[in-house]
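This is what each chain is made of:
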Amino acid sequence: MTGKGHPIIELKGLTKRYGYGDTESFALKDFDLTVKRGEFIMIMGPSGCGKTTLLNIIGLLDQATSGSYSLNGESVESISKRRQARLRARKIGFIFQNFNLISDLSVIENVALPLVYSGYSKTHRLTQASSTLGRFHLKEREYYMPWQLSGGQQQRVAIARTIVSDPEIILADEPTGNLDSRSSHIVMEELKNIHLEGNTIIMVTHNPALTTYATRVINMLDGHIDTDIKTVADRDLPQPISVRFNKKEAK
Ligand SMILES: Nc1ncnc2c1ncn2[C@@H]1O[C@H](COP(=O)(O)OP(=O)(O)OP(=O)(O)O)[C@@H](O)[C@H]1O
Ligand SMILES: [Mg+2]
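Rules of the game
Residues numbered from 1 in each chain as written. Chains lettered and ligands numbered in written order. Predicted model: local features only at pLDDT ≥ 70, side-chain atom pairs only at ≥ 80, totals over all residues. Heavy atoms only, no water. Helix = DSSP H or I, 4+ residues; strand = E, 2+ residues; numbered from the N terminus. Rg over C-alpha atoms; globule rule 2.2 N^0.38 Å. Buried < 20%, exposed > 50% of the residue type's maximum accessible area, 1.4 Å probe, protein only. Areas by Shrake-Rupley, 256 points an atom, 1.4 Å probe, with all protein chains shown as cover. Lys, Arg positive; Asp, Glu negative; His and termini not counted. Charge placed at Lys NZ, Arg CZ, Asp CG, Glu CD. Near = heavy atom within 4 Å. Polar contact = N/O pair within 3.5 Å; in protein donor to acceptor, adjacent residues only side chain to side chain. Nonpolar A, V, L, I, M, F, W, Y, C, P; charged D, E, K, R; others polar. Core = buried A, V, L, I, M, F, W, Y, C linked by side-chain atoms within 4.5 Å. Contact = heavy atoms within 4.5 Å. 1 Å grid on protein atoms, 1.4 Å probe; cavity = no way out; pocket = protein on both sides within 12 Å on 5 of 7 lines; lining within 4 Å. Points joined across faces, edges and corners; volume = space filled by probe spheres on them. Phe/Tyr/Trp six-rings, centres within 6.5 Å; stacked < 30°, edge-to-face > 60°. Salt bridge = Lys/Arg side-chain N within 4 Å of Asp/Glu carboxyl O. Axes fitted to C-alpha atoms, helices over the stretch in contact; angles between N-to-C directions. Parallel < 35°, antiparallel > 145°, perpendicular 65-115°, else oblique. Left-handed = near helix turned anticlockwise from the far one by under 90°.

Q: Explain the overall build of the protein residue by residue, including any values.
A: Assigned secondary structure in the protein consists of 7 helices and 10 strands. Over its C-alpha trace the protein gives a radius of gyration of 18 Å, about what one expects of a compact globule, namely 18 Å for 251 residues. Across the 251 residues in the protein, those meeting the buried criterion constitute 45%. Of the roughly 12600 Å² that the protein leaves accessible, carbon and sulfur atoms contribute 50%. Across the protein, the 31 positively charged side chains and the 27 negatively charged ones have centroids separated by 7 Å.

Below is the structure:
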């Protein structure tokens, strides 16, 4: 997933159907979306309009009924399930509303978990987890258990766990849904920093106040896009660090 020139995500005519005949319903209907690298998209819309379904399909956790999905220019339908799992582990990070930390693992073990698939030694994984926690000012709580942390701290640990494997796409489903407004803004500041490093973020929220962090706001209704507003021009989107580095080298 390092190809240039392609949109990082391109959905065309995507449909997700549940049930057949009388019970047939559509979570997504003829859904088109092109996402450029470095966008920070917020998705809003009433309960049941298809937001989670959309994130799950983008994150390769679920499959559309019809339509096409290209990930970095490559048709997802043509990627084997095995490689999809690998792409998901290496390139895509999820953040959920309820943090989803593993309750009988310490903070540092939780953060190191995604690296199990990386082939690194345990010592290396823990060192990496520790330095990621340092970035989130949580180093002194490395050996706490999740239940010893506040909701905001738990979500920051969950974000550290998401970015420890350096994903290019971060999918967040109401990450501040269980947080008070102060913790929400701390979490949003972390996501903002991750975005400024050139990562692509797609986040679902019910809180209009948070849309100031986004470069694009999409309102969904009944499985389709109702409004789609870019607040930052494409040329002003942050560039991935590796691209910035290459450009500098070329001079
Ligand atoms: N496994 C399933 N079987 C049948 N219908 C489903 C299934 N999963 C989701 N749906 C339906 O698809 C529609 C979209 O659901 P989705 O979870 O994507 O909504 P959402 O926008 O995330 O809502 P919320 O804001 O409440 O989280 C809903 O009508 C839901 O009932
Ligand atoms: Mg949802």
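That was the structure; now back to the text.
Q: Please provide a residue-by-residue account of the site of ligand 1, values included.
A: In the region of ligand 1, the neighbouring residues are Tyr 18, Ala 27, Pro 46, Ser 47, Gly 48, Cys 49, Gly 50, Lys 51, Thr 52, Thr 53, Glu 174 and His 206. Here an oxygen atom of ligand 1 and a side-chain polar atom of Ser 47 are 2.5 Å apart. Between Thr 53 and ligand 1, the recorded distance is 2.5 Å, taken from a side-chain N or O atom to an oxygen atom. In isolation ligand 1 exposes 640 Å². Once the protein is present, 56% of that is buried. Ranked by residue count, the leading element in the shell around ligand 1 is helix H1 (residues 51-58), at 3 residues. Of the residues contributing to the shell around ligand 1, the split by class is 4 nonpolar, 6 polar and 2 charged.

Q: Describe the nonpolar core, with residues and values.
A: Among the nonpolar cores identified, the biggest contains 34 residues, and Leu 191 and Met 203 are the most heavily contacted of them. Elements supplying a minimum of two residues to this core: strand S3 (40-44), helix H3 (107-112), helix H4 (122-135), helix H5 (151-163), strand S7 (169-173), helix H6 (181-196) and strand S8 (200-204). It is H5 that provides the largest number of residues to this core, a total of 5 residues. Leaving out residues up to four positions away in the same chain, Leu 191 has contacts with Phe 40, Ile 95, Ile 159, Pro 175, Ile 201 and Met 203.

Q: Describe the layout of surface pockets, and please don't skip the residues or the numbers.
A: Each pocket or cavity is described by its volume, and for the second largest pocket that value is around 470 Å³. Along the wall of the second largest pocket there are 16 residues; nearest its centre are Arg 88, Ala 89, Ile 92, Phe 94 and Pro 114. Within the residue set of the lining of the second largest pocket, elements represented by two or more residues are helix H2 (81-91), strand S6 (92-95) and H5. For the lining of the second largest pocket, a count of residues per class yields 10 nonpolar, 4 polar and 2 charged.

Q: Please provide a residue-by-residue account of the packing of aromatic side chains, values included.
A: Using the criterion set out here, one finds 1 aromatic pair in the structure. Ring centres 5.9 Å apart and planes at 5° place the aromatic pair Phe 94 and Phe 96 in the stacked group. Judged by relative accessible area, which is 17%, Phe 94 ranks as buried.

Q: With reference to specific residues and values, describe the pattern of salt bridges.
A: As enumerated under the stated definition, the model contains 11 salt bridges in all. For Lys 16, the salt bridge is made with Asp 62, and the minimal N-O distance between the two is 3.1 Å. Remark: Asp 62 occurs in the loop between H1 and strand S4 (66-71) and Lys 16 occurs in strand S1 (residues 9-18); sequence separation between them is 46 residues. Judged by relative accessible area, Lys 16 falls into the buried class, the value being 10%. The exposure class of Asp 62 is partly exposed, given its relative accessible area of 25%. Between Lys 192 and Glu 189 there is a salt bridge; the shortest N-O distance is 3.9 Å. Placement of both Lys 192 and Glu 189 in helix H6 is noted, with a separation of 3 residues, approximately one turn of the helix. Under the relative-accessibility criterion, Lys 192 is labelled partly exposed at 33%.

Q: Outline the packing of H4 against H5, listing residues and values.
A: Where H4 meets H5, the closest approach of the two axes is 9 Å, and the angle between their N-to-C directions is 130°. The orientation of H4 relative to H5 falls into the category oblique. For the element pair H4 and H5, the recorded crossing hand is right-handed. The segment H4 lies against H5, with Thr 132, Leu 133 and Arg 135 engaging Val 157, Ala 160 and Ile 163. Across the contact of H4 with H5, the residue classes break down as 4 nonpolar, 1 polar and 1 charged.

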